[in-house]
2 protein chains.
Amino acid sequence: MNTLFREGQRIINVGLQSFADSIVQAGGKPVQVDWTPPAGGNRAAGWSLAQLLNHPEVERANETAYAAFLAAQPVVMGIGVARRQLPGMQDRMILHAGPPIAWQEMCGPMQGAVIGAILYEGWAADAAKARLLAEGGTIAFAPAHHHAAVGPMAGVISPSMPVWVVENAAGGNRAYSNMNEGLGKVLRFGANSPDVIKRLRWMADVLAPALSAALAKLGPLELKPLIAQALQMGDEVHNRNAAASSLFLKRIVPAALHSGFDAGAIADAVTFIAGNDHFFLNLSMAACKSMLDAAHGVPGSSLVTAMSRNGVRFGVRLSGTGGQWFEAPSPVVGGLFFPSYGPEHAAPDMGDSSITETAGLGGFAMATAPAIVQFVGGTPQDAIANTREMRHITLGRNSAFALPAMNFTGTPAGIDARRVLDTNILPIINTGIAHKEAGVGQIGAGITRAPLECFTQAVIALASRIGVSVPASIRPA
Amino acid sequence: MNTLFREGQRIINVGLQSFADSIVQAGGKPVQVDWTPPAGGNRAAGWSLAQLLNHPEVERANETAYAAFLAAQPVVMGIGVARRQLPGMQDRMILHAGPPIAWQEMCGPMQGAVIGAILYEGWAADAAKARLLAEGGTIAFAPAHHHAAVGPMAGVISPSMPVWVVENAAGGNRAYSNMNEGLGKVLRFGANSPDVIKRLRWMADVLAPALSAALAKLGPLELKPLIAQALQMGDEVHNRNAAASSLFLKRIVPAALHSGFDAGAIADAVTFIAGNDHFFLNLSMAACKSMLDAAHGVPGSSLVTAMSRNGVRFGVRLSGTGGQWFEAPSPVVGGLFFPSYGPEHAAPDMGDSSITETAGLGGFAMATAPAIVQFVGGTPQDAIANTREMRHITLGRNSAFALPAMNFTGTPAGIDARRVLDTNILPIINTGIAHKEAGVGQIGAGITRAPLECFTQAVIALASRIGVSVPASIRPA
């Protein structure tokens, strides 16, 4: 004891800064260690987490799931029609983004998109009748995720829409997405005016057949090398797809021109793609979905295989908890708004496009896309910091997707729900912001985070599945 | 004095490290300042430099020249034929890269390219007869730079070759370049086999007319925004043109498909461009040439308006010294060689493509293209350090070309020959390496530096032009 006091005291303060402040005021020099209780202080989740960390079954399951994710080789097989391609798709079904939601609950842009899809299908003659039909209960609504598909923003896919067919050549599973309509007034932001419906029909009648012919001539198109190249060209393939769209065009155009397909249709299709820097987004999403579905369904795995938002609720799925969604209210996105718009006009976060972050792209790969942070007011250093932070909650780095700004190390990939709880670091998501009223469209873009609550639920459920039940003493009331 | 010694002595050592080492051995703690005599110790150049630094006439001239460089707006006007477009081009003239050189002096790849051009023009029936013709003195050889043109590697342009026509919309001056043949066996590396000649003929007969039709449909194509975008996508538009070539294709294809030109020709032209990630290089070079020519000819200006190599000698021109070339032996490029090749197989540095570095691109913009340093064994940090170093020898930063990795500051641009001498920092150049024998082609790529000797001569000549003559006492013997 004498020695201890002779050598002087050093104080380490863990957690609350205010304790350290008091010591400073008293003349001490404490070392402050930032720390907050795991799981945001949720005792039941914290207890479950403690059981699951280093749990041999979870570790093994995650190795299996992560290996399948890394091994996946998404390949564009062609373009089909939703009704014929999507597993479980029905004739009077409309798919939407995010976890399940009833018509009455849907936000404005999603209802607008559903009305547009009804008009597109010819099930109703005008928007008022389409709304009545949607309310009437004869149309089945389901998450695109339940039918192996993903769609950006409202994510609406109806039976006769064309869909990308992407196959994981390593695992054989298929994933699907609708086709990108471009910017401005578009269905995915809830617009359903005649020009929107007309464009959708043109996409089915001209764009899809022209691209089908080109793809048939080209043969299977591997998406992983294309995405890897785009990452070296400033895309994170969620909010920025300029390079990927150009690279896709460069691959498809020679095949299109030698396909023998109608020259006028090819010219119009190529012009449409060349004018849309987001065209690749839906392919990026289908690729990510196919990689993550390859890792889905491994009992015991805490790997996050889907993060998605329906404009009301944010949902998360784990590999080890099957089809279950863990939901929390969708955050309102902070970001930069187009002139004359602000947060009061914004719909809460919406869309399946956060499948890119789930796969280690988008916000997780932001280091390679400084233009994104610049757009929302940050610096390239912020972008690198964001990517670096995501390393704390992921199972590894995907060397197939090297980031030049990180000295060519791979993107942090494979979100481990346990690590999210343990560190309270929430997955970062780059996203567009939709107006809360149908049809106005995009009003900004920004960066948001997945809600902690989804992960606390997920970890408790996973613990329960592998036989770890929370003692009654700490169970929530 | 007493105070001085009581306070202890601190030693600052400027220059030679070995002096500081001796002090350290004697127990001292010197502060070492790295410094070498300006102009590499050349007394005449050092004297001239001392007169020119902060010289009001030079400062004013540089402001004028640099403003013209920054204001330049290179626009693709179309494609023409060298004989008809290039000022001063003659019927029996062959242009080459770099400063003037006689046939007998030319390195292997340049002689090979000249022989190829003679065969292409139909002036001789076979390579042996073409060689005799080249030796015979009836063909005029001239630097492409003397005819407002630039060409990569051998830079050979003969009268009936198609050329890009680029106009600086701000200044009205025009610059030209030949069209890129792709990789493998190509004229610019000295290959002249029948397939090489056949491709050149196809480029004149199919590619150029198809692109002309597309450009006519598209209208004038501004190159500065396209280059700016490519810089944000990992190109430095010298050794890496993957993004720029894709962006160019994306702009040109819709116009080509709506031009009404023969569909087969369009398909073949588009396929050729889509298969060549270097296609944009020659446009990048013509753009840089047009920007620098806008700044050329300002009396008193020490701005470097051309750096170029003929495979034997490296040449530099200043804005304020007119048509004069300041030459030194061309360096052998250190870099990474393709398997089975090494420095012993390499031709010395060759080509007009260092016009890109002269304009603040290429090696000067390397921070944005970490893939380049990775290719030659460096890291992204090395790339950033290279760009940062070039700030010491340039007049400013070109905000039209923002570099994401440098927090969106502009490329260092406008090499000031005075600053090169004052700092002994030599301009950095990214370049391909040609085999020293004709026709073998590219055997590697690397990073090199412009020789100091060119700048010492240039500064002495500029000083003399503005009436500053070196005193006899320090004039070289």
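Residues numbered from 1 in each chain as written. Chains lettered and ligands numbered in written order. Predicted model: local features only at pLDDT ≥ 70, side-chain atom pairs only at ≥ 80, totals over all residues.

1. Examining the overall build of chain A
Each helix and strand in chain A was counted, giving 17 helices and 18 strands. For a compact globule of 477 residues, the expected C-alpha radius of gyration is about 23 Å, and chain A comes in at 24 Å, within 12% of that figure. If one aligns the C-alpha atoms of chain A with their principal axes, the spans along those axes are about 95 × 50 × 50 Å. Counting every position in chain A, which comprises 477 residues, the buried fraction comes to 57%. For chain A, the proportion of contacts with a sequence separation of at least 24, taken over those separated by at least 6, is 72%. (Helix = DSSP H or I, 4+ residues; strand = E, 2+ residues; numbered from the N terminus. Rg over C-alpha atoms; globule rule 2.2 N^0.38 Å. Buried ≥ 20, exposed ≤ 12 C-beta atoms within 10 Å, placed from the backbone. Contact = placed C-beta atoms within 7 Å.)

2. What to know about the confidence of the model for chain A
Scored by pLDDT, chain A comes out at a mean of 94, with 98% of its residues at no less than 70. Of the two predicted TM-score estimates for the complex, the pTM is 0.92 and the ipTM is 0.89. (pLDDT = per-residue confidence, 0-100.)

3. Notes on the packing of helix 10 (residues 242-257) of chain B against helix 11 (residues 263-274) of chain B
All names here are of chain B. One can describe the packing of helix 10 onto helix 11 by two numbers: an axis separation of 11 Å at closest approach and a directional angle of 175°. As summarised for this structure, helix 10 and helix 11 are arranged roughly antiparallel, according to the angle between their axes. Within the contact between the two elements, helix 10 uses Leu249, Val253, Ala256 and Leu257 and helix 11 uses Ile266, Val270, Ile273 and Ala274. Counted by class, the contact of helix 10 with helix 11 contains eight nonpolar, no polar and no charged residues. (Axes fitted to C-alpha atoms, helices over the stretch in contact; angles between N-to-C directions. Parallel < 35°, antiparallel > 145°, perpendicular 65-115°, else oblique. Nonpolar A, V, L, I, M, F, W, Y, C, P; charged D, E, K, R; others polar.)

4. Brief notes about the interface of chain A and chain B
Tallying the contact residues gives 27 residues for chain A and 27 residues for chain B. No other element matches the eight residues that helix 10 (residues 242-257) of chain A contributes to the side of chain A that touches chain B. Within the side of chain A that touches chain B, the residues separate by chemical class into 18 nonpolar, eight polar and one charged.

5. Thoughts on unusual backbone geometry
Excluding glycine, residues mostly carry a negative phi; peptide bonds, for their part, are mostly trans. Phi at A:Ala39 takes a positive value of approximately 60°, unusual for a residue other than glycine. Classification of A:Ala39 as buried rests on a count of 25 C-beta atoms within 10 Å. For B:Asn54, which is not a glycine, the phi torsion comes out positive at approximately 60°. For B:Asn54, the position within the fold is in the loop between helix 3 (43-52) and helix 4 (56-71).

6. Topic: the environment of A:Arg449
Residue and element names in this part refer to chain A. Along the chain, arginine 449 turns up in strand 18 (residues 442-449). A residue is classified by how many C-beta atoms lie within 10 Å of it, and arginine 449, with 16 of them, is partly exposed. The sequence separation of arginine 449 and valine 332 amounts to 117 residues, and the corresponding C-alpha distance is 9.7 Å.

7. Side note on the domain arrangement of chain A
Residues and elements named next belong to chain A. Domain boundaries assigned for chain A yield domain 1 (2-33), domain 2 (42-69 + 294-474) and domain 3 (76-287). Put simply, the middle of domain 2 and the middle of domain 3, counted by C-alpha atoms, are 24 Å apart. In this assembly, 46 residues from domain 2 lie in contact with 49 residues from domain 3. If you list the elements that add at least two residues to the side of domain 2 that touches domain 3, you get strand 10 (304-310), strand 11 (313-318), strand 14 (350-351), helix 13 (355-358), helix 14 (370-375), strand 15 (394-403), strand 17 (428-434) and strand 18. Tallied by class, the residues present in the side of domain 2 that touches domain 3 amount to 23 nonpolar, 16 polar and seven charged. (Domains from an automatic or database assignment.)

8. Notes on the relation of the copies chain A and chain B
If you rotate chain A by 180° and push it 0.0 Å along the axis, it lands on chain B with an RMSD of 0.0 Å. Such a combination of turn and shift is consistent with a two-fold rotation axis. In terms of C-alpha distance to the rotation axis, chain A has A:Met233 as its closest residue, with the C-alpha 1.9 Å off the axis. Taken together, the interface assignments show that 100% of the residues at the interface of chain A recur at the interface of chain B, consistent with an identical surface on both copies. (Least-squares fit on C-alpha atoms with pLDDT ≥ 70 in both.)

9. Looking at the sheet that holds strand 17 of chain A
Residues and elements named next belong to chain A. Here three strands make up an open sheet; going across it, the order is 13-18-17 and the pairing antiparallel. Two strands close off the open sheet at either side, each with one partner strand: strand 13 (334-337) and strand 17. Within this sheet the neighbouring strands show an average axis-to-axis angle of 20°, counted without direction. Bridging between strand 17 and strand 18 involves seven bridges; their strand directions are antiparallel. In the strand pairing of strand 18, alanine 434 is matched with glutamine 442. (Pairing = 2+ DSSP bridges.)

10. With respect to the sheet that holds strand 17 (residues 428-434) of chain B
All names here are of chain B. The three strands lie next to each other as 13-18-17, forming an open sheet whose pairing is antiparallel. A strand with exactly one partner marks an edge of an open sheet, and here the two such strands are strand 13 (334-337) and strand 17. The sheet shows a mean angle of 20° between the axes of neighbouring strands, direction not considered.

11. With respect to the packing of helix 6 (residues 108-121) of chain B against helix 7 (residues 127-136) of chain B
Residue and element names in this part refer to chain B. At a minimum axis distance of 9 Å, the contact between helix 6 and helix 7 shows a crossing angle of 105°. For the element pair helix 6 / helix 7, the angle class is roughly perpendicular. Residue-level inspection shows Val114, Ile115, Ile118 and Leu119 of helix 6 in contact with helix 7, the latter providing Ala127, Ala130, Arg131, Leu133 and Ala134. Looking at the contact of helix 6 with helix 7, its residues break down into eight nonpolar, no polar and one charged.

12. Looking at the environment of A:Phe337
Residues and elements named next belong to chain A. Turning to its location among the elements, phenylalanine 337 is positioned in strand 13. The exposure class assigned to phenylalanine 337 is partly exposed, which follows from the 18 C-beta atoms found within 10 Å. Taking the C-alpha atoms as reference points, phenylalanine 337 and glycine 432, 95 residues apart in sequence, are found 9.9 Å from one another. Leave out the neighbours within four places in its chain, and phenylalanine 337 touches Gly342, Ile443 and Gly444.

13. Some words on helix 8 (residues 194-218) of chain A
Residues and elements named next belong to chain A. Here helix 8 contains 25 residues, and its C-alpha end-to-end distance of 34 Å stays within 8% of the 36 Å for a straight helix at 1.5 Å per residue. In the structure, helix 8 departs most strongly from a straight axis at methionine 203, where the bend amounts to approximately 40°. Those residues of helix 8 that sit buried are Val196, Arg199, Leu200, Met203, Leu207, Ala208, Ala210, Leu211, Ala213, Ala214 and Leu215. Residues of helix 8 that are buried make contact with strand 3 (74-81), helix 6 (108-121), strand 7 (162-168), strand 9 (221-222), helix 10 and helix 11 (263-274). A positive phi of about 85° marks glycine 219, the residue just after helix 8. (Expected span 1.5 Å × (residues − 1). Bend = angle between axes of the 7 residues up to and from the residue.)

14. Topic: the environment of A:Ala61
All names here are of chain A. As for its position among the elements, alanine 61 is in helix 4 (residues 56-71). In this structure the C-alpha to C-alpha distance between alanine 61 and glycine 300, which are 239 residues apart in sequence, comes to 5.6 Å. If we skip the residues at most four places from it in the chain, alanine 61 touches Val298, Pro299, Gly300, Ser301 and Gly320.

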